[in-house]
Amino acid sequence: MHAPRLMASEVANALWRKARQGQIERADAGTAMALLPNMPQRWNDDETVGADAIRLALALDHPVSDCVYLALAFRRSATVVTAVASIEHCEAVMTLNDYAGTR
């Protein structure tokens, strides 16, 4: 698995939001974030796909932050697996539910 470094900030933000909304304990948010370096992903520098991400964002009229993942997937000839398919009609994006069905 490959991930842009942006993912670490997005995970931290999601954990903050869940703790703020009372969906998880505040202490658990920090504990979960501390586990992120142990995940089996390979971190990729965002700046290596930045130009591609901007081109995709302009072409798809979609936020650059989402297109960083897509640009990395294209660069790696991989598929983006996401909980919510936010980029429609793209063969490089698969929902988590669809991915689980292939396992």
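Cut-offs applied
- Residue numbering note: each chain is counted from 1, following its sequence as written.
- Local features are withheld for residues below a pLDDT of 70 in this predicted model, meaning they are given only at 70 or higher, and side-chain atom pairs are given and counted only at 80 or more; totals for whole chains, interfaces and linings count all residues.
- Side-chain figures throughout are based on the complete set of non-hydrogen atoms in the structure, without hydrogens or water.
- Helix numbering and strand numbering both begin at the N terminus, where a helix is a DSSP run of H or I of at least 4 residues and a strand a DSSP run of E of at least 2.
- Each residue gets one of three labels from its accessible area relative to the maximum for its type: buried under 20%, exposed over 50%, partly exposed in between, using a 1.4 Å probe on protein chains only.
- Contacts are assigned to residue pairs with any non-hydrogen atoms lying within 4.5 Å of each other.
- Patch members must show over 30% relative accessible area and no salt bridge, and they are joined within 9 Å when carrying like charges or within 5 Å when they are nonpolar side chains of Val, Leu, Ile, Met, Phe, Trp or Tyr.
- Only the protein chains shown count as cover for residues, with accessible areas throughout obtained via the Shrake-Rupley method and a probe of 1.4 Å.
- In the sections that follow, a salt bridge refers to a side-chain nitrogen of Lys or Arg positioned within 4 Å of a carboxyl oxygen of Asp or Glu.
- A fitted line through C-alpha atoms serves as each axis, taken over the contacting stretch for helices, and the angle formed by two N-to-C directions is quoted from 0 to 180°.
- For this classification, under 35 degrees means roughly parallel, over 145 means roughly antiparallel, 65 to 115 means roughly perpendicular, and everything else is oblique.
- In this scheme the crossing of two helices becomes right-handed for a clockwise turn of the near helix relative to the far one and left-handed for an anticlockwise turn of less than a right angle.
- Polar here means any residue other than Ala, Val, Leu, Ile, Met, Phe, Trp, Tyr, Cys and Pro, which are nonpolar, and Asp, Glu, Lys and Arg, which are charged; Gly is therefore polar.
- Helix span is expected to be 1.5 Å times the residue number reduced by one.
- Note on terminology: a nonpolar core comprises buried Ala, Val, Leu, Ile, Met, Phe, Trp, Tyr and Cys residues joined through side-chain atoms within 4.5 Å.

In this structure, D61 takes a positive phi of about 55° despite not being glycine. Following the sequence through the fold, D61 ends up in the loop between α3 (50-60) and α4 (64-76). A residue is classified by how much of its surface remains accessible, and D61, at 73% relative accessible area, is exposed. A positive phi angle is found at S77, which is not glycine, with a value near 50°. You can see S77 is positioned in the loop between α4 and β3 (80-82).

Its location among the elements puts N44 in strand β2 (residues 42-44). Setting aside residues no more than four positions away along its own chain, N44 makes contact with H2, A3, P4, R5, L72 and R76.

So, on to a nonpolar patch on the surface. A contiguous nonpolar patch, built from I54, L58 and V64 and spanning about 290 Å² of accessible area, is present on the exposed surface. In this fold, L58 is placed in helix α3.

Once that is clear, we can look at the packing of helix α1 (residues 6-20) against α4. Look at α1 against α4: their axes get within 11 Å of each other, and the N-to-C directions meet at 130°. Overall, the two elements α1 and α4 adopt an arrangement that is oblique. For the pair α1 and α4, the sense of crossing is left-handed. Residues L6, M7 and E10 of α1 pack against S65, V68 and Y69 of α4. Tallied by class, the residues present in the contact of α1 with α4 amount to four nonpolar, one polar and one charged.

Right, let's talk about α4 for a bit. The end-to-end C-alpha distance of α4 is 18 Å, a good match for the 18 Å that 13 residues give at a rise of 1.5 Å each. Against β1 (2-4), α1, β2, α3, β3 and β4 (93-95) lie the buried residues of α4. Phi turns positive, to about 50°, at S77, one or two residues after α4.

Right, let's get into the nonpolar core. Within the largest apolar cluster, 14 residues are counted, with the highest numbers of intra-cluster contacts made by V49, A53, L56, C67, L70, A71 and V80. Counting only elements with at least two residues in this core, the list comes to α3 and α4. No other element matches α4, which puts seven residues into this core. Apart from the residues within four sequence positions on either side, A53 is in contact with V64, C67, V68 and A71.

Another point: the pattern of salt bridges. In total, this model carries three salt bridges according to the counting rule given. A salt bridge links R75 to D52; the nearest nitrogen and oxygen atoms lie 3.0 Å apart. Here D52 lies in helix α3 and R75 lies in helix α4, a separation of 23 residues in the sequence. What makes R75 partly exposed here is its relative accessible area of 46%. One salt-bridge network, held together by shared partners, links D52, R55 and R75.

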